[in-house]
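Notes for the structure review
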Amino acid sequence: MTPRATDRARYDRATAHLDAPLALVDVAALDANADDLVRRAAGKPVRVASKSVRSRALLERVLARDGFAGIMSFTLAESLWLAGAGFDDVLLAYPSADRVGYARLAADPKLAAAVTVMVDDPAQLNLIDAARDGGREEIRVCLELDTSLRLFGGRFRVGARRSPLREPAQLAELARSVARRPGFRLVGLMAYEGHVAGVGDALAGRPLRSRAIRVMQSVARRELAERRAAVVRAVRAVAPDLEFVNGGGTGSVQHTAAEQAVTEIAAGSGLYVPRLFDNYTSFTGRPAALFALPVVRRPGVGVVTVLGGGYPASGAAGRDRLPEPYLPEGLRYDAQEGAGEVQTPLLGPAADDLLVGDKVWFRHAKAGELCERFATLHLVEGDRVVESVPTYRGEGHTFL
(Lines give C-alpha, C1' and ligand atoms only; values in the text may rest on other atoms or scores of the structure.)
Protein backbone atom coordinates (compact mmCIF):
# COMPACT_ATOMS: atom_id res chain seq x y z
CA MET A 1 0.00 0.00 0.00
CA THR A 2 1.13 3.57 -0.66
CA PRO A 3 1.46 5.90 2.34
CA ARG A 4 -1.73 7.66 1.28
CA ALA A 5 -3.59 4.36 0.99
CA THR A 6 -2.38 3.47 4.48
CA ASP A 7 -3.68 6.79 5.81
CA ARG A 8 -7.02 6.20 4.12
CA ALA A 9 -7.35 2.80 5.77
CA ARG A 10 -6.54 4.33 9.17
CA TYR A 11 -9.02 7.16 8.76
CA ASP A 12 -11.76 4.82 7.58
CA ARG A 13 -11.21 2.51 10.56
CA ALA A 14 -11.05 5.40 13.01
CA THR A 15 -14.32 6.92 11.79
CA ALA A 16 -16.22 3.74 10.93
CA HIS A 17 -18.71 4.56 13.68
CA LEU A 18 -19.26 8.11 12.39
CA ASP A 19 -21.39 9.21 9.47
CA ALA A 20 -19.97 11.68 6.97
CA PRO A 21 -19.81 14.59 6.38
CA LEU A 22 -17.16 14.93 9.09
CA ALA A 23 -13.77 16.52 9.65
CA LEU A 24 -10.69 15.12 11.35
CA VAL A 25 -7.25 16.19 12.47
CA ASP A 26 -4.42 13.65 12.37
CA VAL A 27 -2.69 14.31 15.70
CA ALA A 28 0.68 12.82 14.71
CA ALA A 29 0.78 14.97 11.56
CA LEU A 30 -0.26 18.09 13.51
CA ASP A 31 2.47 17.52 16.09
CA ALA A 32 5.11 16.87 13.42
CA ASN A 33 4.12 20.07 11.62
CA ALA A 34 4.29 22.02 14.88
CA ASP A 35 7.78 20.65 15.54
CA ASP A 36 8.86 21.71 12.06
CA LEU A 37 7.62 25.29 12.58
CA VAL A 38 9.54 25.54 15.84
CA ARG A 39 12.67 24.12 14.23
CA ARG A 40 12.52 26.63 11.40
CA ALA A 41 11.87 29.51 13.82
CA ALA A 42 15.31 28.78 15.34
CA GLY A 43 14.58 29.88 18.87
CA LYS A 44 12.15 32.70 18.18
CA PRO A 45 8.62 32.13 19.52
CA VAL A 46 5.88 31.25 17.06
CA ARG A 47 2.62 33.17 17.46
CA VAL A 48 -0.28 31.01 16.29
CA ALA A 49 -2.55 32.51 13.62
CA SER A 50 -6.00 31.59 14.92
CA LYS A 51 -7.73 32.00 11.56
CA SER A 52 -5.77 28.96 10.37
CA VAL A 53 -6.88 26.82 13.34
CA ARG A 54 -10.37 28.03 14.45
CA SER A 55 -10.65 25.60 17.33
CA ARG A 56 -10.07 26.75 20.90
CA ALA A 57 -9.07 23.25 22.00
CA LEU A 58 -6.41 22.98 19.31
CA LEU A 59 -5.10 26.47 20.03
CA GLU A 60 -4.63 25.37 23.63
CA ARG A 61 -2.92 22.18 22.49
CA VAL A 62 -0.45 23.99 20.26
CA LEU A 63 0.29 26.75 22.76
CA ALA A 64 1.12 24.15 25.39
CA ARG A 65 4.08 23.07 23.25
CA ASP A 66 7.54 24.58 23.66
CA GLY A 67 8.31 27.21 21.06
CA PHE A 68 4.80 28.68 20.74
CA ALA A 69 3.62 31.86 22.47
CA GLY A 70 0.56 34.01 21.86
CA ILE A 71 -2.25 34.16 19.34
CA MET A 72 -2.70 36.27 16.22
CA SER A 73 -6.46 36.73 15.88
CA PHE A 74 -8.58 37.96 12.98
CA THR A 75 -11.50 39.94 14.48
CA LEU A 76 -11.94 42.01 17.62
CA ALA A 77 -14.93 39.93 18.72
CA GLU A 78 -12.81 36.79 18.46
CA SER A 79 -9.97 38.49 20.36
CA LEU A 80 -12.25 39.41 23.25
CA TRP A 81 -13.77 35.92 23.34
CA LEU A 82 -10.33 34.29 23.45
CA ALA A 83 -9.07 36.69 26.12
CA GLY A 84 -12.20 36.09 28.16
CA ALA A 85 -11.51 32.35 27.92
CA GLY A 86 -8.06 32.79 29.44
CA PHE A 87 -5.68 33.39 26.53
CA ASP A 88 -3.50 36.22 27.83
CA ASP A 89 -1.64 37.37 24.70
CA VAL A 90 -3.88 38.04 21.69
CA LEU A 91 -2.68 40.22 18.82
CA LEU A 92 -5.47 41.36 16.50
CA ALA A 93 -3.92 41.21 13.04
CA TYR A 94 -6.38 43.52 11.28
CA PRO A 95 -7.89 46.94 12.06
CA SER A 96 -11.47 46.84 13.32
CA ALA A 97 -14.54 49.08 13.22
CA ASP A 98 -16.30 47.13 16.01
CA ARG A 99 -17.43 49.96 18.29
CA VAL A 100 -19.18 47.64 20.74
CA GLY A 101 -16.03 45.56 20.99
CA TYR A 102 -13.85 48.59 21.63
CA ALA A 103 -16.20 49.74 24.38
CA ARG A 104 -15.83 46.33 26.06
CA LEU A 105 -12.06 46.43 25.65
CA ALA A 106 -11.76 49.91 27.17
CA ALA A 107 -13.96 48.98 30.13
CA ASP A 108 -12.37 45.67 31.17
CA PRO A 109 -8.86 45.54 32.73
CA LYS A 110 -8.44 41.83 31.96
CA LEU A 111 -9.32 42.23 28.29
CA ALA A 112 -7.26 45.41 27.90
CA ALA A 113 -4.18 43.66 29.33
CA ALA A 114 -4.54 40.64 27.04
CA VAL A 115 -5.52 42.14 23.67
CA THR A 116 -3.40 44.26 21.34
CA VAL A 117 -5.18 46.00 18.45
CA MET A 118 -3.82 46.84 15.01
CA VAL A 119 -3.70 50.37 13.58
CA ASP A 120 -2.16 51.97 10.53
CA ASP A 121 -4.06 55.28 10.46
CA PRO A 122 -4.86 57.98 13.05
CA ALA A 123 -8.52 57.66 11.98
CA GLN A 124 -8.56 54.24 13.64
CA LEU A 125 -7.40 55.79 16.91
CA ASN A 126 -10.21 58.33 16.59
CA LEU A 127 -12.74 55.53 16.11
CA ILE A 128 -11.48 53.71 19.21
CA ASP A 129 -11.66 56.86 21.32
CA ALA A 130 -15.18 57.61 20.10
CA ALA A 131 -16.24 54.06 20.98
CA ARG A 132 -14.88 53.99 24.55
CA ASP A 133 -18.26 54.85 26.10
CA GLY A 134 -16.62 55.95 29.33
CA GLY A 135 -14.07 53.11 29.47
CA ARG A 136 -10.70 54.29 30.71
CA GLU A 137 -8.45 51.28 30.21
CA GLU A 138 -5.24 51.82 28.25
CA ILE A 139 -5.45 50.24 24.79
CA ARG A 140 -2.44 48.26 23.60
CA VAL A 141 -1.54 49.16 20.00
CA CYS A 142 0.49 47.51 17.24
CA LEU A 143 1.48 49.26 13.99
CA GLU A 144 1.46 47.43 10.66
CA LEU A 145 4.12 47.87 8.00
CA ASP A 146 3.32 47.42 4.30
CA THR A 147 5.63 44.65 3.09
CA SER A 148 4.82 44.67 -0.62
CA LEU A 149 7.63 44.70 -3.16
CA ARG A 150 7.57 47.75 -5.42
CA LEU A 151 9.77 48.06 -8.46
CA PHE A 152 10.27 50.59 -11.29
CA GLY A 153 9.31 53.56 -9.19
CA GLY A 154 6.28 51.86 -7.74
CA ARG A 155 4.72 51.01 -11.10
CA PHE A 156 5.09 47.28 -10.38
CA ARG A 157 3.79 45.89 -7.10
CA VAL A 158 3.80 42.38 -5.62
CA GLY A 159 2.04 41.73 -2.34
CA ALA A 160 -1.24 42.28 -0.54
CA ARG A 161 -2.77 45.73 -0.27
CA ARG A 162 -2.72 46.14 3.48
CA SER A 163 -1.17 48.99 5.47
CA PRO A 164 -0.54 52.42 3.90
CA LEU A 165 2.58 52.71 6.09
CA ARG A 166 5.69 51.82 4.16
CA GLU A 167 8.66 54.02 5.05
CA PRO A 168 10.39 54.44 8.42
CA ALA A 169 9.34 58.07 8.71
CA GLN A 170 5.66 57.18 8.23
CA LEU A 171 5.67 54.58 10.98
CA ALA A 172 7.68 56.82 13.30
CA GLU A 173 5.13 59.60 12.82
CA LEU A 174 2.21 57.32 13.70
CA ALA A 175 4.22 56.00 16.66
CA ARG A 176 4.55 59.59 17.90
CA SER A 177 0.79 60.07 17.46
CA VAL A 178 0.15 57.05 19.67
CA ALA A 179 2.72 58.18 22.24
CA ARG A 180 1.14 61.65 22.48
CA ARG A 181 -2.38 60.30 22.82
CA PRO A 182 -3.72 59.50 26.31
CA GLY A 183 -5.26 56.06 26.69
CA PHE A 184 -3.01 54.22 24.21
CA ARG A 185 0.32 52.41 24.49
CA LEU A 186 2.42 51.32 21.53
CA VAL A 187 3.68 47.79 22.20
CA GLY A 188 4.32 46.16 18.85
CA LEU A 189 5.07 46.25 15.14
CA MET A 190 3.81 43.72 12.59
CA ALA A 191 4.83 43.03 8.99
CA TYR A 192 3.27 40.10 7.14
CA GLU A 193 5.06 39.24 3.90
CA GLY A 194 2.27 37.26 2.27
CA HIS A 195 3.89 37.31 -1.17
CA VAL A 196 6.75 35.30 0.33
CA ALA A 197 5.07 33.35 3.14
CA GLY A 198 1.85 32.50 1.32
CA VAL A 199 2.90 31.85 -2.28
CA GLY A 200 4.32 28.47 -3.24
CA ASP A 201 7.53 28.50 -5.25
CA ALA A 202 7.47 24.96 -6.67
CA LEU A 203 4.32 24.71 -8.77
CA ALA A 204 3.81 21.25 -10.29
CA GLY A 205 4.27 21.30 -14.06
CA ARG A 206 5.16 25.02 -14.15
CA PRO A 207 8.95 25.26 -13.89
CA LEU A 208 9.31 28.70 -15.47
CA ARG A 209 6.67 30.29 -13.24
CA SER A 210 8.19 28.57 -10.21
CA ARG A 211 11.59 29.99 -11.10
CA ALA A 212 10.12 33.47 -11.52
CA ILE A 213 8.44 33.23 -8.11
CA ARG A 214 11.71 32.17 -6.46
CA VAL A 215 13.54 35.11 -8.03
CA MET A 216 10.80 37.52 -6.95
CA GLN A 217 10.80 36.17 -3.40
CA SER A 218 14.57 36.38 -3.12
CA VAL A 219 14.48 40.04 -4.15
CA ALA A 220 11.51 40.70 -1.85
CA ARG A 221 13.19 39.12 1.18
CA ARG A 222 16.31 41.24 0.77
CA GLU A 223 14.38 44.46 0.24
CA LEU A 224 12.05 43.83 3.16
CA ALA A 225 14.82 42.80 5.58
CA GLU A 226 16.60 46.12 5.01
CA ARG A 227 13.43 48.20 5.19
CA ARG A 228 12.02 46.34 8.20
CA ALA A 229 15.25 46.86 10.14
CA ALA A 230 15.14 50.59 9.35
CA VAL A 231 11.50 50.80 10.40
CA VAL A 232 12.18 49.02 13.68
CA ARG A 233 15.02 51.45 14.46
CA ALA A 234 12.78 54.41 13.71
CA VAL A 235 9.89 53.14 15.81
CA ARG A 236 12.12 52.10 18.72
CA ALA A 237 13.52 55.63 18.78
CA VAL A 238 9.98 56.74 19.66
CA ALA A 239 8.95 53.69 21.71
CA PRO A 240 12.10 52.09 23.17
CA ASP A 241 10.03 49.65 25.24
CA LEU A 242 8.46 48.03 22.17
CA GLU A 243 7.53 44.50 23.28
CA PHE A 244 7.57 42.64 19.97
CA VAL A 245 8.24 42.81 16.24
CA ASN A 246 6.15 40.19 14.45
CA GLY A 247 6.81 38.88 10.97
CA GLY A 248 6.69 35.85 8.77
CA GLY A 249 4.16 33.21 7.89
CA THR A 250 4.31 29.48 7.26
CA GLY A 251 6.23 29.71 4.00
CA SER A 252 8.91 32.13 5.24
CA VAL A 253 9.51 31.10 8.85
CA GLN A 254 13.25 30.42 8.63
CA HIS A 255 13.98 33.47 6.45
CA THR A 256 12.10 35.90 8.70
CA ALA A 257 13.52 34.34 11.86
CA ALA A 258 17.02 35.11 10.57
CA GLU A 259 16.32 38.87 10.70
CA GLN A 260 17.71 40.36 13.89
CA ALA A 261 14.98 43.01 13.99
CA VAL A 262 12.20 40.40 14.22
CA THR A 263 11.43 39.03 17.69
CA GLU A 264 8.63 36.55 16.90
CA ILE A 265 7.17 34.64 13.97
CA ALA A 266 3.52 34.24 12.97
CA ALA A 267 2.33 30.94 11.52
CA GLY A 268 -0.82 28.87 11.42
CA SER A 269 -1.44 27.16 8.09
CA GLY A 270 1.68 25.08 8.62
CA LEU A 271 -0.11 23.18 11.38
CA TYR A 272 -2.87 21.77 9.16
CA VAL A 273 -0.94 22.01 5.83
CA PRO A 274 -3.81 22.53 3.37
CA ARG A 275 -3.32 21.89 -0.34
CA LEU A 276 -2.07 25.40 -1.17
CA PHE A 277 0.95 24.69 1.02
CA ASP A 278 2.17 21.71 -0.99
CA ASN A 279 4.22 23.79 -3.40
CA TYR A 280 7.18 25.05 -1.37
CA THR A 281 10.89 24.35 -1.60
CA SER A 282 11.50 25.68 1.93
CA PHE A 283 9.56 23.02 3.81
CA THR A 284 7.46 19.89 3.44
CA GLY A 285 4.54 19.38 5.79
CA ARG A 286 2.12 16.55 6.45
CA PRO A 287 -1.58 16.99 5.65
CA ALA A 288 -3.21 17.04 9.10
CA ALA A 289 -6.76 18.31 8.55
CA LEU A 290 -9.18 16.53 6.20
CA PHE A 291 -12.89 16.21 5.71
CA ALA A 292 -14.92 13.26 4.46
CA LEU A 293 -18.04 13.25 2.30
CA PRO A 294 -20.20 10.17 1.79
CA VAL A 295 -20.78 8.44 -1.52
CA VAL A 296 -24.52 8.67 -2.18
CA ARG A 297 -24.76 7.74 -5.89
CA ARG A 298 -23.02 5.65 -8.53
CA PRO A 299 -24.22 7.22 -11.81
CA GLY A 300 -22.13 4.98 -14.04
CA VAL A 301 -18.77 3.42 -14.70
CA GLY A 302 -15.94 5.55 -13.35
CA VAL A 303 -18.26 7.98 -11.55
CA VAL A 304 -19.48 8.40 -7.99
CA THR A 305 -21.38 11.26 -6.42
CA VAL A 306 -20.70 12.53 -2.90
CA LEU A 307 -22.98 14.66 -0.76
CA GLY A 308 -22.00 18.35 -0.62
CA GLY A 309 -18.49 19.50 -1.42
CA GLY A 310 -18.79 23.11 -2.56
CA TYR A 311 -16.33 24.47 -0.03
CA PRO A 312 -14.15 26.91 -1.98
CA ALA A 313 -11.41 28.89 -0.26
CA SER A 314 -11.16 32.66 -0.22
CA GLY A 315 -8.93 34.58 -2.63
CA ALA A 316 -8.97 35.08 -6.36
CA ALA A 317 -11.35 32.50 -7.81
CA GLY A 318 -9.72 29.56 -9.56
CA ARG A 319 -9.37 25.79 -9.52
CA ASP A 320 -6.67 26.04 -6.87
CA ARG A 321 -9.34 27.32 -4.44
CA LEU A 322 -11.31 24.07 -4.58
CA PRO A 323 -10.82 21.24 -2.09
CA GLU A 324 -8.71 18.37 -3.39
CA PRO A 325 -10.27 14.88 -3.65
CA TYR A 326 -7.45 13.21 -1.75
CA LEU A 327 -8.36 9.66 -0.69
CA PRO A 328 -8.75 7.30 -2.41
CA GLU A 329 -6.15 8.44 -4.91
CA GLY A 330 -7.16 8.90 -8.50
CA LEU A 331 -10.39 10.92 -8.23
CA ARG A 332 -11.03 14.23 -9.98
CA TYR A 333 -13.85 16.69 -10.51
CA ASP A 334 -16.13 16.72 -13.51
CA ALA A 335 -15.02 19.85 -15.37
CA GLN A 336 -18.63 20.77 -16.13
CA GLU A 337 -19.78 20.60 -12.51
CA GLY A 338 -16.80 21.10 -10.20
CA ALA A 339 -17.50 21.04 -6.46
CA GLY A 340 -21.24 21.32 -5.97
CA GLU A 341 -23.31 22.91 -3.24
CA VAL A 342 -25.31 19.76 -2.44
CA GLN A 343 -23.60 17.08 -4.50
CA THR A 344 -20.31 16.57 -6.27
CA PRO A 345 -19.62 14.02 -9.03
CA LEU A 346 -16.12 12.54 -8.95
CA LEU A 347 -14.49 10.78 -11.87
CA GLY A 348 -11.68 8.27 -12.18
CA PRO A 349 -10.90 4.56 -11.95
CA ALA A 350 -10.97 4.69 -8.14
CA ALA A 351 -14.70 5.47 -8.33
CA ASP A 352 -15.47 1.88 -9.35
CA ASP A 353 -14.15 0.57 -6.03
CA LEU A 354 -16.39 2.83 -3.96
CA LEU A 355 -19.76 1.78 -2.60
CA VAL A 356 -22.70 3.88 -1.45
CA GLY A 357 -21.90 4.95 2.10
CA ASP A 358 -18.12 4.90 1.66
CA LYS A 359 -16.13 8.01 2.55
CA VAL A 360 -14.12 10.16 0.16
CA TRP A 361 -11.51 12.27 1.96
CA PHE A 362 -10.72 15.83 0.85
CA ARG A 363 -8.13 18.46 1.69
CA HIS A 364 -9.30 22.06 1.84
CA ALA A 365 -7.33 24.62 -0.15
CA LYS A 366 -6.78 26.73 2.97
CA ALA A 367 -6.43 25.85 6.62
CA GLY A 368 -8.98 27.23 9.08
CA GLU A 369 -11.74 27.89 6.55
CA LEU A 370 -12.55 24.18 6.77
CA CYS A 371 -13.83 24.83 10.30
CA GLU A 372 -16.54 27.17 9.05
CA ARG A 373 -18.22 24.06 7.57
CA PHE A 374 -17.94 21.72 10.56
CA ALA A 375 -18.88 22.00 14.21
CA THR A 376 -16.51 19.23 15.35
CA LEU A 377 -12.97 18.08 14.65
CA HIS A 378 -12.34 14.41 15.41
CA LEU A 379 -8.75 13.94 16.60
CA VAL A 380 -7.24 10.72 15.24
CA GLU A 381 -4.25 8.88 16.65
CA GLY A 382 -3.30 5.80 14.69
CA ASP A 383 -6.59 4.22 13.70
CA ARG A 384 -8.88 5.55 16.42
CA VAL A 385 -10.59 8.77 17.38
CA VAL A 386 -9.15 9.82 20.74
CA GLU A 387 -11.13 13.01 21.21
CA SER A 388 -13.71 15.17 19.46
CA VAL A 389 -13.36 18.91 19.95
CA PRO A 390 -15.50 21.84 18.81
CA THR A 391 -14.53 24.34 16.17
CA TYR A 392 -15.44 28.00 16.60
CA ARG A 393 -18.67 27.15 14.77
CA GLY A 394 -19.26 24.30 17.20
CA GLU A 395 -19.10 26.78 20.06
CA GLY A 396 -21.62 29.01 18.34
CA HIS A 397 -19.21 31.57 16.85
CA THR A 398 -18.79 32.62 13.23
CA PHE A 399 -16.69 35.77 13.51
CA LEU A 400 -16.66 36.58 9.80
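Definitions and limits used
- Residues numbered from 1 in each chain as written.
- Predicted model: local features only at pLDDT ≥ 70, side-chain atom pairs only at ≥ 80, totals over all residues.
- Heavy atoms only, no water.
- Core = buried A, V, L, I, M, F, W, Y, C linked by side-chain atoms within 4.5 Å.
- Buried < 20%, exposed > 50% of the residue type's maximum accessible area, 1.4 Å probe, protein only.
- Helix = DSSP H or I, 4+ residues; strand = E, 2+ residues; numbered from the N terminus.
- Contact = heavy atoms within 4.5 Å.
- Salt bridge = Lys/Arg side-chain N within 4 Å of Asp/Glu carboxyl O.

Next up on the list: the nonpolar core. Counting residues in each nonpolar core, the largest one holds 91 residues, and the members touching the most others are L58, V117, V141, L143, L186, L271 and Y272. It is helix α2 (residues 27–41) that provides the largest number of residues to this core, a total of six residues. Apart from residues lying up to four places away in sequence, L186 is in contact with V141, C142, L143, A175, V178, V235, A239 and L242. Grouped together as the second largest cluster of nonpolar side chains are 12 residues, A14, Y326, L327 and V380 included.

Per the stated rule, a full pass over the model turns up 31 salt bridges. The salt bridge involving D31 is made with R65; its shortest N-O contact spans 3.2 Å. With D31 in helix α2 and R65 in the loop between α3 (56–63) and β3 (68–73), the pair connects residues that are 34 residues apart, well separated along the chain. A relative accessible area of 23% places R65 in the partly exposed class. Residue E324 is joined to R363 by a salt bridge in which the shortest nitrogen-to-oxygen separation is 3.5 Å. One end of the pair, E324, is in strand β14 (residues 324–327); the other, R363, is in strand β17 (residues 359–363), and 39 residues separate them in sequence. The network of salt bridges with common partners includes D146, R166, E167, E223 and R227.

Of note, the bond from A20 into P21 is cis; its omega dihedral lies within 30 degrees of zero at 10°. For P21, the location among the structural elements is in the loop between α1 (3–14) and β1 (22–26). Note that the residue after L327, namely P328, is joined by a cis bond; omega there is 0°. Mapped onto the fold, P328 is located in the loop between β14 and β15 (332–333). Positive phi, close to 55°, is recorded for A42, a residue that is not glycine.

Fair warning: the whole summary comes from geometry, so function is off the table for now.
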